[in-house]
Amino acid sequence: MVKVMWALLLLPIVLLVLYFAQRLLFRRLWDENLTVQISFDRDYIFCGEEANLVETIVNNKYLPLPVLEVGFDMSRWVVFQDEENSTVSDMTYRRDVFTTSVRQRITRTLPVRGKKRGYYRIASTTVTSYDFLMTEKQVAHFPQETEFYVLPAHISASHIRIPYSKIMGLLVSRRRVYDDPFEFAGIRDYRRSDPMKYINWKASARGGTLLVNQHDSTLSQKVTVLLDCTGIGSAVTDALNETAISIAAELAERMLADGISVSVISNGIATVDGKMLSTGELTGRNTALYLRRRLAKLECRNDLTPMPQLLRTLHDGAHGSDLYVLISKEQKLPVLPDLEALTEGSDAIWILPEDRNMPERYKLTETSKSVEIVRWEV
């Protein structure tokens, strides 16, 4: 009887000791040898395509984690097919719950779709866990270096054929008349004969292939694409801007594949460094992906430099032998006079994305002898 009474008296003490022991043990060891990684199964997709986001949890210790909540924030323009654990507002807030045993690796694959062109990052993951009795919560932040590109949408060959054929037609009679070996002209694909000192390491990292600074151009044909990204907010404006960016990407990729050198200049702002886009001279089909990545980072805004002002700014450094291709939805400001001045009377092309529902009275009616206007209905 006495033994039973002593046992009953000791039991609460033992339970209390065990309770505090497990709390102390869990508090000290729960995040030891625990790794959480968020990644994508590919570096990029084109707008509208699908990829997989992969959550990898490794609990490399002999302490199980009964509840492990992994949370991270991501742009709402990368859409989860399974929205059960997602909350969408200005961002998508994702929370997934796991249970890990000792020395266990868990991989969960979540299908996503790139709804909008862009450059997306996941910088941190918040991990929350509870002790065995679910009485104390522990929180830790795991830094991530997750990058993902949604490239400008592809444009079908039938849609791009007309403006591309007009560009090629004008290029037939054009030849480069000068070379400046002391001026940086752009980048091109690496060749075995190129000195290592000419490798552009930053551009190579972005493009995924070795690219070199080009100082002595032997190209005979060059196209400068002028891309207008002004405006944001309305569905029509956003659609026109995205179409303009896709047109620029598609035309540049086709010209690079055909051996034509291309440079792209835009009043759009890069989301990373806040600078206007100016690629320099690009050559070779392998630079097309580099350009598409640059265009994925391009931000359209209402406070950008107006296209006529940009054209006037470019006038002093213009190359008379270049073929200029303007892609702009601008129908109100006087763009034509500044484009004619930039090209100094030489032929140019203006690709004009416009809303198919726009009343005729609001559409551009000006014409030019040297600038061919190609309308593109959206």
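Residues numbered from 1 in each chain as written. Predicted model: local features only at pLDDT ≥ 70, side-chain atom pairs only at ≥ 80, totals over all residues. Heavy atoms only, no water.

**Student:** Looking at this structure, I do not really get the sheet that holds strand β9 (residues 118-130). What am I missing?
**Tutor:** Backbone hydrogen bonds are what pair the strands of a sheet, in a parallel or an antiparallel way. Across the sheet, six strands lie side by side as β2-β10-β9-β4-β7-β6; this open sheet has mixed pairing. Only two strands of the sheet have a single partner each, and these edge strands are β2 (44-46) and β6 (86-88). Between one strand and the next, the sheet's axes are offset by a mean angle of 25°, whatever the strand orientation. Pairing of β9 with strand β10 (residues 137-151) involves twelve bridges; the strand directions are antiparallel. By the bridge assignment for β10, T125 is matched with F142. This element, helix α5 (residues 287-296), spans β2, β9 and β10 of the sheet and lies at about 125° to β10. (Pairing = 2+ DSSP bridges. Helix = DSSP H or I, 4+ residues; strand = E, 2+ residues; numbered from the N terminus. Axes fitted to C-alpha atoms, helices over the stretch in contact; angles between N-to-C directions. Contact = heavy atoms within 4.5 Å.)

**Student:** Please explain the environment of T146 as it appears in this structure.
**Tutor:** Here T146 lies in strand β10. When its relative accessible area of 6% is taken as the criterion, T146 is described as buried. With 26 residues separating them in the primary sequence, T146 and Y120 have C-alpha atoms 8.2 Å apart. If sequence neighbours within four positions are ignored, T146 has contacts with I38, S39, F40, Y120, R121 and I122. A polar side-chain atom of T146 sits 2.4 Å from the main-chain carbonyl oxygen of I38. (Buried < 20%, exposed > 50% of the residue type's maximum accessible area, 1.4 Å probe, protein only. Polar contact = N/O pair within 3.5 Å; in protein donor to acceptor, adjacent residues only side chain to side chain.)

**Student:** Sorry if this is basic, but what is going on with the pattern of salt bridges here?
**Tutor:** For the coordinates displayed, the defined rule picks out 18 salt bridges. The partner of R292 in a salt bridge is E253, with the nearest N and O atoms 2.9 Å apart. Of this pair, R292 sits in helix α5 while E253 sits in helix α4 (residues 235-257), placing them 39 residues apart in sequence. Owing to a relative accessible area of 30%, E253 belongs among the partly exposed residues under this scheme. Of the charged contacts, one joins D303 and R301 as a salt bridge, the two residues approaching to 2.9 Å between their closest N and O atoms. You can call D303 exposed: its relative accessible area is 54%. (Salt bridge = Lys/Arg side-chain N within 4 Å of Asp/Glu carboxyl O.)

**Student:** Is there a simple way to think about the packing of aromatic side chains in this case?
**Tutor:** We describe a pair of aromatic rings using the distance from one ring centre to the other and the angle between the two ring planes. Within this structure, the stated rule accounts for five aromatic pairs. Ring geometry for F26 and F132: centres 5.7 Å apart, planes at 75°, overall edge-to-face. Here F132 lies in the loop between β9 and β10 and F26 lies in helix α1 (residues 2-29), a separation of 106 residues in the sequence. When its relative accessible area of 1% is taken as the criterion, F26 is described as buried. (Phe/Tyr/Trp six-rings, centres within 6.5 Å; stacked < 30°, edge-to-face > 60°.)

**Student:** I would appreciate a short explanation of the confidence of the model for the protein chain in the present structure.
**Tutor:** Interpreting fine coordinate detail is not advised for predicted regions of low pLDDT. Averaged over every residue, the pLDDT of the protein chain is 86; residues scoring 70 or more account for 88%. Across the protein chain, the element-wise mean pLDDT spans from 69 in α1 up to 97 in β2. Within the model, the stretch residues 175-182 combines pLDDT values under 50 with 17 contacts to residues more than four positions away or in other chains. (pLDDT = per-residue confidence, 0-100.)

**Student:** Would you mind showing me how to read the sheet that holds strand β8 (residues 104-114) here?
**Tutor:** An order of β1-β3-β8-β5 is seen for the four strands of this open sheet, with the pairing classed as antiparallel. Edge strands, defined here as strands with exactly one partner in the open sheet, are β1 (34-40) and β5 (78-80). Averaged over all adjacent pairs, the angle separating strand axes in this sheet is 30°, with direction ignored.

**Student:** Is there a simple way to think about the side chain of S328 in this case?
**Tutor:** Topologically, S328 is positioned in the loop between β18 (323-327) and α7 (335-343). For S328, a relative accessible area of 0% corresponds to the buried category. At 2.7 Å, the side chain of S328 and the side chain of D228 are in polar contact. Once residues lying within four places of it in the same chain are set aside, the contact partners of S328 are D228, W350, I351, L352 and P353.

**Student:** Help me understand the packing of helix α2 (residues 157-171) against α4 in this model?
**Tutor:** If you want to describe how two helices pack, look at the angle between their axes and the distance between the axes. At their nearest, the axes of α2 and α4 sit 11 Å apart, and the two run at 65° to each other. α4 is crossed by α2, and the crossing has right-handed handedness. Here α2 contributes A157, I160, Y164 and I167 to the contact with α4, which in turn contributes I247, E250, L251, R254 and M255. (Left-handed = near helix turned anticlockwise from the far one by under 90°.)

**Student:** How should I be thinking about the nonpolar core in this particular structure?
**Tutor:** Judged by nonpolar contacts, the single largest core of 42 residues is most densely connected at I167, V223, L227, L251, M255 and I327. Mapped onto this core, the elements with two or more residues apiece are α2, β13 (222-227), α4, β14 (261-270), α5, β18, β19 (348-354) and β20 (371-377). The leading source of residues in this core is α4, at nine residues. Dropping the residues within four chain positions of it, L227 is found in contact with A244, I245, A248, I265, S266, N267, L295, L298, M307 and I327. One finds V36, I45, L65 and V112 within the second-largest nonpolar core, a separate group that totals 29 residues. (Core = buried A, V, L, I, M, F, W, Y, C linked by side-chain atoms within 4.5 Å.)

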